[in-house]
Amino acid sequence: PTEAISTFINFETTVTKSTSGVLFCDTVHEEPVRVDLWDSPLKRGLIVNRNRLIFGPSGTGKSFLVNHIVSQYYEQGHHVIIMDIGNSYKKLCLLVGGYYLEYEEENPLKFNPFNFEKYSIDKKEFLVSLLLFLWKGSNNMPTREEKNVLSKYLDSFFEKTNDSSTLIPSFNTFYEHVTESNVEGGDSFFDKKSFLFSTIDFYKGGDYDFVLNAEDRMDFLNKRFIVFELDNIKDHPILFPLIIMLLIETTMDKIRNLPGIKKSIFIDECWKPLSQGAMVGFIKYLYKTIRKFYGEIAIATQDIDDIISTDAGAAMINNTDTFLLLSHKKKLSLKDKFSKYLSFTESDVSKLYATDKRQVFIKMGNFSNIYKVKVSPQRYACYSSNGDENEVIYDTYKKTDNIKMAFENFIDKDD
């Protein structure tokens, strides 16, 4: 009755409106409504962090939803970084004149995580996580003593580079430093031979020596829309998780140097290699660090099992206060897990399983609601991941080098 009455009163609505945020529609009258996922929920005490998890079973429009969110973020002044597999964000990147980087064997991405302006606790935490991954891989948990010994090696290494005008920090020079020096009392807890042998492929002359010894720094500070496409290495057990770690830390450098500006990192199907063994420490470091700098990390995946089945699952859920879920009507077996792991109430679960295609269930703290994802034909052309539709769009783009014209041509043909 309340919803029926509200249709006759022009200052009433079925949902609470916001003056900023992402534009959706209510599900009853398809009335436009903005949903603020940033400032208002914090001020109202609904959430204590801006991180979010996005669940969308195959075919429900997960990348369409993320495109919808990040395009509006960009329009509202955010700096957006996306890590993706599958070219889901290439059209949007072309439209906004962003920076699109693909990992290619002939032209690989190169980094030097040891070369920076200021050695800090955050930097040390990242480098310890990085070195532990190079040494132990993603499945073996390090001991506290091993972390402490690597931390002391880093301290002495950067003290040495600060005192030298010729020693350039890189993995090569750090490797040599570990080879030539010792940490007092560290021999009992640290297998130096194992560390050096396991990481030698990243040292000069090794198969992956290009990855950690770049002469130039990547500078993304003034680029507001960046997409890293990692499809070419998605099955590589070493390079894939390593490159994601390095990309995140490179973008964290950008985030630290943009005070007062909203920053968003979206990881679409790329997070799994960061969720096991030694990498759990990196996930905790990432969530803790981004919160300090007016930023968020949004991880998009197919269903809740992808999160709870990993070592990092608990850390990710504990540091996430906002959940966006697409239709789960074909995933009835997951029903109890939302209550158990995400603290969904009975009302939340009922709303989730009432969510249809092209709708999204959003839960911020104790508040939850369903919204419709409704867009213009131009935005549909930009966000669609349909192969046949994209073939038409990219054919026009190749001929005209104009992505807007490609969208309009697609719309005209569809009409």
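A short tour of the structure in this document, coming up. (Residues numbered from 1 in each chain as written. Predicted model: local features only at pLDDT ≥ 70, side-chain atom pairs only at ≥ 80, totals over all residues. Heavy atoms only, no water.)

1. A short note on the packing of helix H9 (residues 239-256) against helix H10 (residues 280-291)
So the rule is basically this: Axis lines are fitted through C-alpha atoms, for helices just across the contact stretch, and the angle between N-to-C directions can take any value from 0 to 180 degrees. We count a stretch as a helix when DSSP gives it H or I for four or more residues in a row; a strand needs E for two or more, and each element gets its number in order from the N terminus. Angle categories are assigned with fixed cut-offs, so that under 35 degrees is roughly parallel, over 145 is roughly antiparallel, 65 to 115 is roughly perpendicular, and the rest are oblique. If you view the pair so one helix is near and one far, a crossing is left-handed when the near helix is turned anticlockwise from the far one by less than a right angle, and right-handed when it is turned clockwise. In this analysis, two residues are considered to be in contact whenever any of their non-hydrogen atoms come within 4.5 Å of each other. Gly is placed with the polar residues, together with every amino acid not listed as nonpolar (Ala, Val, Leu, Ile, Met, Phe, Trp, Tyr, Cys and Pro) or charged (Asp, Glu, Lys and Arg).
Two elements in contact, H9 and H10, have axes whose closest approach is 11 Å; the angle formed by their N-to-C orientations is 15°. It follows from the interaxial angle that H9 and H10 lie roughly parallel. Two packed elements cross with a definite hand, and for H9 against H10 that hand is left-handed. Facing H9, whose interface residues are Met245, Ile248, Glu249, Met252, Ile255 and Arg256, H10 presents Phe282, Tyr285, Leu286, Thr289 and Ile290. A class-by-class count of the residues in the contact of H9 with H10 yields eight nonpolar, one polar and two charged.

2. Thoughts on the sheet that holds strand S10 (residues 359-364)
For clarity, the cut-off: For two strands to pair, DSSP has to find at least two bridges joining them.
Spatial ordering of the open sheet is given by S2-S1-S11-S10-S9-S3-S8-S7-S4-S6-S5, a layout of eleven strands whose pairing is mixed. In the strand order of this sheet, the two ends are held by strand S2 (32-35) and strand S5 (99-102), each with one partner. Strand-to-strand twist of the sheet, defined as the mean angle between neighbouring strand axes without regard to direction, takes the value 25°. Pairing geometry for S5 and strand S6 (residues 225-229), over four bridges, is parallel.

3. Side note on the pairing of S2
Let me state the cut-off plainly: Accessible area is worked out with a 1.4 Å probe on protein chains only. A residue is then buried under 20% of its type maximum, exposed over 50%, and partly exposed in between.
The side-chain alternation of S2 yields one buried face, formed by Val33 and Val35, and one unburied face, formed by Pro32 and Arg34. Taken together, the four bridges between strand S1 (residues 22-26) and S2 define a ladder with antiparallel strand orientation. In the strand pairing of S2, Phe24 is matched with Val33. Linking S1 to S2, which pair antiparallel, is a turn of five residues; within it Glu30 sits at a positive phi near 55°.

4. Some words on the packing of helix H5 (residues 121-136) against helix H6 (residues 144-162)
Remark: H5 packs on H6, axes separated minimally by 10 Å, with the N-to-C direction vectors making an angle of 120°. What the angle tells us is that H5 and H6 run oblique. In this structure, the crossing between H5 and H6 has a hand that is right-handed. In this structure, H5 uses Lys124, Leu127, Val128, Leu131, Leu132, Trp135 and Lys136 to contact H6, whose residues at the interface are Glu146, Lys147, Leu150, Ser151, Leu154, Asp155 and Phe158. The class makeup of the residues in the contact of H5 with H6 is eight nonpolar, one polar and five charged.

5. Section: the state of the cysteines
The cut-off we apply is this: Throughout, disulfides are identified as pairs of cysteine sulfur atoms within 2.5 Å of each other.
A full pass over the atoms with the stated rule returns zero disulfides. Between Cys25, a free cysteine, and Cys382, which holds the nearest cysteine sulfur, the sulfur-to-sulfur gap is 18 Å. Looking at Cys25, the relative accessible area reads 8%, which means it is buried. In this structure Cys93 is a free cysteine whose sulfur lies 10 Å from that of Cys382, the closest cysteine sulfur available. Looking at Cys93, the relative accessible area reads 2%, which means it is buried.

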